[in-house]
Structures are given as C-alpha cells and as structure tokens.
Amino acid sequence: MEHKDFEALVKALCEKASLPEALDMLKASEDEAVAEAANALTGQFALAEVEGQNRVYHVFTDENDDGEEQEFVEHIMNVGDDVILFVAWFFYTQFDIKNRDTYAAAGRTYKQPKRS
C-alpha cells in the first residue's frame, strides 16, 4: 500500500464512531492484506467492565513458553475512546507500522502512554 493510500484509509477510519465500524471498513478494504488481517480478527474482541469502565479486549490463543495453547487478553481501548487507538493498534500488530506513523497519517500527534 502506498503512503497516500495508507493516509487516506487511516483518515477515513478515524471518522468512524466505534471499533466495530472501523473493523467493518477494514474488512471491506480494497487492499487484500488489510482485508485479510481484519477478517482474521473477527470474533476476537470482548467487552468487560473493569473499574467502572467498559473496556475492549483482544482475546486470542497462542503457545506459551511450555508449548501449550494458552488464552491471552490484551486491552485495546475503552468504549467511547477515540477510534485512533484501535486503528494504531491494528496497523502495529498486523503490519508493524509504528503508532506514531499511524497518528501522523491521521494528522495527529502520538503521545507515549505513561508507565504505571
């Protein structure tokens, strides 16, 4: 995907109101690799209320250090957060595109989360 196409896609995704809408747009992408990656993620998200917030998690299975299948859970964003969080996560996890590059394509500044 050329940079101008990536930039146009990221900007269009950032106009979506929620993760499901953005994921649907990714699944319909003309770029075959993007559509395939988005389709592979279908059904791997879960909502959970934690500390009074509705959080969106990516739930997947992978081999642990002992070679056994194990379920892993990764916090993506909270319901109501800016969809850029999902968009940046998607391109980083699926295509190794740095968060700051995805934010730059959207015309935004990436701020590194503070460590707790």
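Residues numbered from 1 in each chain as written. Predicted model: local features only at pLDDT ≥ 70, side-chain atom pairs only at ≥ 80, totals over all residues. Heavy atoms only, no water.

Okay, the pattern of salt bridges next. Considering all chains together, one arrives at four salt bridges under this definition. Note that D24 is salt-bridged to K27, the shortest N-O span being 3.6 Å. Taken together, the positions of D24 and K27, both in helix α2 (residues 19-27) and three residues apart, correspond to about one turn of that helix. Look at D24 and you get partly exposed, because its relative accessible area is 47%. Exposure remark for K27: the relative accessible area of 25% places this residue in the partly exposed category. (Salt bridge = Lys/Arg side-chain N within 4 Å of Asp/Glu carboxyl O. Helix = DSSP H or I, 4+ residues; strand = E, 2+ residues; numbered from the N terminus. Buried < 20%, exposed > 50% of the residue type's maximum accessible area, 1.4 Å probe, protein only.)

What follows is about helix α4 (residues 84-95). In this model α4 runs 16 Å from its N-terminal to its C-terminal C-alpha over twelve residues, within 8% of the 16 Å that 1.5 Å per residue would give. Of the residues trailing α4, D96 is marked for its positive phi of about 60°. (Expected span 1.5 Å × (residues − 1).)

The next subject is unusual backbone geometry. One non-glycine residue, E51, adopts positive backbone phi at about 50°. Relative to the helices and strands, E51 resides in the loop between β1 (45-50) and β2 (53-63). At D96, a residue that is not glycine, the phi angle is positive and equals roughly 60°. One can find D96 in the loop between α4 and α5 (99-105).

For the structure on display, the rule yields ten aromatic pairs. Residues F60 and F72 carry aromatic rings whose centres are separated by 5.7 Å and whose planes lie at 20° to one another, so their mutual orientation is stacked. Note that F60 is positioned in strand β2 and F72 in strand β3 (residues 69-78), a separation of twelve residues in sequence. Overall, the relative accessible area of 25% leaves F60 in the partly exposed class. Classification of F72 by relative accessible area gives partly exposed; the value is 28%. (Phe/Tyr/Trp six-rings, centres within 6.5 Å; stacked < 30°, edge-to-face > 60°.)

A separate point is the nonpolar core. Of all hydrophobic cores here, the largest spans 27 residues; its most connected members are V10, L13, L26, F86, F90 and F91. Only α1 (3-14), α2, α3 (32-41), β3, α4 and α5 provide two or more residues apiece to this core. Sequence-distant contacts of F90, defined by excluding residues within four places in its chain, comprise L26, V34, A37, A38, L41 and F95. (Core = buried A, V, L, I, M, F, W, Y, C linked by side-chain atoms within 4.5 Å. Contact = heavy atoms within 4.5 Å.)

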